[in-house]
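Okay, here's what each chain looks like letter by letter:
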Amino acid sequence: MAAGGYGRYRAVIFGAMFVGYTLYYFNRKTFSFVMPAVMAEVPLGKDDLGLITSSQSAAYAISKFVSGVLSDQMSARWLFSSGLLMVGLVNVVFSWSSTVTAFAGLWFLNGLAQGLGWPPCGKILRKWFEPSQFGTWWAVLSTSMNLAGGLGPIVAALVSLNYDWRMTLSFSGFICVVVSFVCLVLIKNEPSDVGLPNIEQGAKKGKKGSSSDNSTLTELLLSPYLWVLSTGYLVVFGVKTCCTDWGQLFLIQERGQSMLVGSSYMSALEIGGLVGSIAAGYLSDRAVARVGLSSYGNPRHALLLSMMAGMCVSMFLFRVTVTGDSPKENHFWTVALQPLADLTGLKEHELWILTLGAVFGFSSYGPIALFGVIANESAPANLCGTSHAIVALMANVGGFLAGLPFSTIAKHYSWATAFWVAEITCTGSTVAFFLLRNIRTKMGRIPRKAD
């Protein structure tokens with residue numbers, strides 16, 4: 001009967017968070033969706049557009065970190081619902097505005113509200129799901145971003161056929177406001193809120209697991225594993241961002257490929273990433289179910305390292321095998337892909353580039369999901385939000401390094417050299433993580449009688 005109670009509440013809570021976070025992400029991108037219509041009505045230059053979008057990005061990075069810390073101090077359901085309400089109100093007010101200053105200021109507020117979405121989700125998932133289920137549901141919830149990103153432009157375009165951009169933003173904002181109250185009612189912070197026993201976290205034989213719940217922020221920050229995870233996440237997210245932001249330009253400018261091939265590569269990467277996220281969560285959960293979590297090492301490490309190695313290999317092949325003469329060359333992969341090329345009507349070299357994109361997406365989005373899961377589950381229950389906030393902040397640093405610093409290397413040398421640097425960095429990080437895979441992974445206070 002208790003299991004049935006858990007199942008019913010889990011379904012309702014997860015459904016509310018999935019719908020809520022889909023709306024979070026959709027309303028994070030609404031300006032991008034309606035940008036052409038806005039520019040037709042309000043004169044906006046490239047600098048203006050950059051100011052508006054950058055204001056949101058900066059606010060989001062700050063807010064996500066603060067939200068992670070706040071999720072350990074206050075009700076996660078209130079934090080999630082309040083953020084969604086604020087996102088909706090900002091979109092409505094944005095639809096009433098017509099100046100660059102108002103647009104930038106409001107989109108900065110949108111970024112602040114956006115940061116309140118994901119950290120509470122991680123906190124609630126950990127409270128409601130077993131450690132052997134946590135990774136799977138984390139990954140499935142993250143697909144709400146893919147759903148919003150994929151369907152968002154279509155929905156916005158359909159609405160704009162009958163209404164202008166202002167009505168589109170007002171309508172999406174109003175839906176956010178309504179759903180925020182629904183989420184507040186349906187989402188529960190933990191099983192004890194509805195009379196069910198809370199789920200035990202951590203190692204199977206942890207007699208004193210509760211002591212770790214009393215860990216302080218200082219003890220968390222002094223945990224070496226936190227910084228191992230943070231460094232790995234910085235590198236993986238940075239290298240992924242290099243490929244998603246600059247891979248298309250590399251193909252077109254230095255490898256002589258068409259714009260269609262470049263955009264197709266990006267699509268293949270995102271599709272591979274969607275599959276990789278879910279696969280990483282599900283397969284690593286099976287490993288946790290087999291051996292459980294312990295204080296040293298983590299069952300998810302094997303899959304994490306395999307996927308990081310896959311990133312290195314796919315980047316190497318992307319840099320070395322794709323050339324301006326690809327259509328004329330007759331490598332082994334060209335021969336292997338010929339039957340599929342005949343079936344799809346695509347050229348062999350185009351299929352090869354799409355394959356490399358899908359493999360890289362699969363191998364990079366998987367670790368991105370796993371770093372978040374591991375940072376959350378390895379931390380004391382009272383600081384899991386803070387732990388995730390710290391590693392996510394480091395990931396944002398990696399994303400920044402993939403911008404101007406990466407493009408500067410390409411400017412002074414070449415795109416191939418810049419990708420070689422990213423490839424070497426990823427390989428070094430993978431080797432270092434392999435050597436450190438069995439260190440103490442339980443963050444926070446170390447029990448006095450621990451081995």
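Keep in mind that this is a model prediction, so the values were computed, not measured.

Here the focus is the overall build of the protein. Of regular secondary structure, the protein possesses 18 helices and zero strands. Residues counted as buried form 52% of the 451 residues belonging to the protein. Taking all contacts inside the protein whose residues are at least 6 apart in sequence as the whole, residues at least 24 apart take part in 84%. Counting every atom, the protein has about 20100 Å² of accessible surface; 67% of that belongs to carbon and sulfur.

Moving on to the packing of helix H2 (residues 30-41) against helix H8 (residues 165-186). Interaxial distance between H2 and H8 falls to 9 Å at its minimum, and their mutual angle equals 155 degrees. By the angle between their directions, the pair H2 and H8 is classed as roughly antiparallel. On H8, the residues that touch Thr30, Val34, Ala37, Val38 and Glu41 of H2 are Trp165, Arg166, Thr168, Leu169 and Ser172. Of the residues contributing to the contact of H2 with H8, the split by class is five nonpolar, three polar and two charged.

Time to look at the nonpolar core. One finds Leu229, Val239, Tyr265, Phe371, Phe406, Phe419 and Phe433 to be the most contacted residues of the largest nonpolar core, which totals 57 residues. Elements with a minimum of two residues in this core: helix H10 (224-254), helix H11 (259-291), helix H12 (301-321), helix H15 (348-377), helix H16 (384-401), helix H17 (404-412) and helix H18 (415-435). With 14 residues, H10 is the single largest residue contributor to this core. Once you skip the residues sitting within four places of it in the chain, Leu229 turns out to touch Phe371, Ile374, Ala375, Val391, Phe433 and Met443. If you look at the next biggest cluster of nonpolar residues, it comprises 32 residues, including Phe14, Ala76, Phe134 and Leu196.

We now examine the environment of Arg437. Counting through the fold element by element, Arg437 comes out in the segment after H18. Judged by its relative accessible area of 28%, Arg437 falls in the partly exposed class. Linking Arg437 and Pro299, residues 138 residues apart in sequence, is a C-alpha distance of 9.9 Å. For Arg437, the side chain forms a polar contact with the main-chain oxygen of Phe434, separated by 2.6 Å.

Moving on to the environment of Arg300. Relative to the elements of secondary structure, Arg300 occurs in the loop between H11 and H12. With 20 residues separating them along the chain, Arg300 and Ala280 place their C-alpha atoms 8.7 Å apart. With residues up to four places along the chain from it excluded, the contact list for Arg300 reads Pro131, Phe134, Gly135, Gly281, Ser284, Asp285, Val288, Leu370, Val373, Ile374 and Glu377.

Take the side chain of Lys123 next. Here Lys123 is to be found in helix H6 (residues 118-128). On the basis of relative accessible area, Lys123 is assigned to the buried category, the value being 10%. Once you skip the residues sitting within four places of it in the chain, Lys123 turns out to touch Ser71, Asp72, Ala76, Asn376, Ala381, Asn382 and Cys384.

It is worth spelling out H11 at this point. In an α-helix, one turn spans 3.6 residues, which is why side chains three or four residues apart end up on the same side. End to end, H11 covers 48 Å across 33 residues, agreeing with the expected 48 Å (1.5 Å per residue, within 8%). Two residues or fewer past H11, Gly292 is found with a positive phi of approximately 75 degrees.

The next subject is the packing of aromatic side chains. Aromatic rings in a pair are described by how distant their centres are and how their planes are angled relative to each other. Enumeration according to the criterion identifies 26 aromatic pairs in this entry. Note on Phe250 and Phe419: the rings are 5.0 Å apart at their centroids and 50 degrees apart in plane angle, and the pair reads as tilted. Taken together, the residues span a long stretch of sequence, with Phe250 in helix H10 and Phe419 in helix H18 at a distance of 169 residues. Each member of the pair, Phe250 as well as Phe419, carries the same accessibility label: buried. Taken together through their ring pairs, the aromatic side chains of Trp246, Phe250, Tyr265, Phe318, Phe406, Trp415 and Phe419 make up a single cluster. Across from the ring centre of Tyr9, 4.6 Å away, lies the NZ or CZ of Arg8, which sits over that ring. The ring of Tyr60 carries Arg28 above its face, with NZ or CZ at 4.5 Å from the centroid.

Attention shifts here to a nonpolar patch on the surface. A cluster of nonpolar residues, Ile62, Phe65, Val66, Leu70, Met74, Trp78 and Leu393, forms a patch on the protein surface that exposes about 590 Å² of accessible area. When residues of the nonpolar patch are assigned to their parent elements, the largest contribution, four residues, is made by helix H3 (residues 46-70).

Parameters and conventions
- Residues numbered from 1 in each chain as written.
- Predicted model: local features only at pLDDT ≥ 70, side-chain atom pairs only at ≥ 80, totals over all residues.
- Heavy atoms only, no water.
- Helix = DSSP H or I, 4+ residues; strand = E, 2+ residues; numbered from the N terminus.
- Buried < 20%, exposed > 50% of the residue type's maximum accessible area, 1.4 Å probe, protein only.
- Contact = heavy atoms within 4.5 Å.
- Areas by Shrake-Rupley, 256 points an atom, 1.4 Å probe, with all protein chains shown as cover.
- Axes fitted to C-alpha atoms, helices over the stretch in contact; angles between N-to-C directions.
- Parallel < 35°, antiparallel > 145°, perpendicular 65-115°, else oblique.
- Nonpolar A, V, L, I, M, F, W, Y, C, P; charged D, E, K, R; others polar.
- Core = buried A, V, L, I, M, F, W, Y, C linked by side-chain atoms within 4.5 Å.
- Polar contact = N/O pair within 3.5 Å; in protein donor to acceptor, adjacent residues only side chain to side chain.
- Expected span 1.5 Å × (residues − 1).
- Phe/Tyr/Trp six-rings, centres within 6.5 Å; stacked < 30°, edge-to-face > 60°.
- Lys NZ or Arg CZ within 6 Å of the ring centre and 35° of its normal.
- Patch = residues over 30% accessible without salt bridge, like charges linked within 9 Å, V, L, I, M, F, W, Y side chains within 5 Å.
- Salt bridge = Lys/Arg side-chain N within 4 Å of Asp/Glu carboxyl O.

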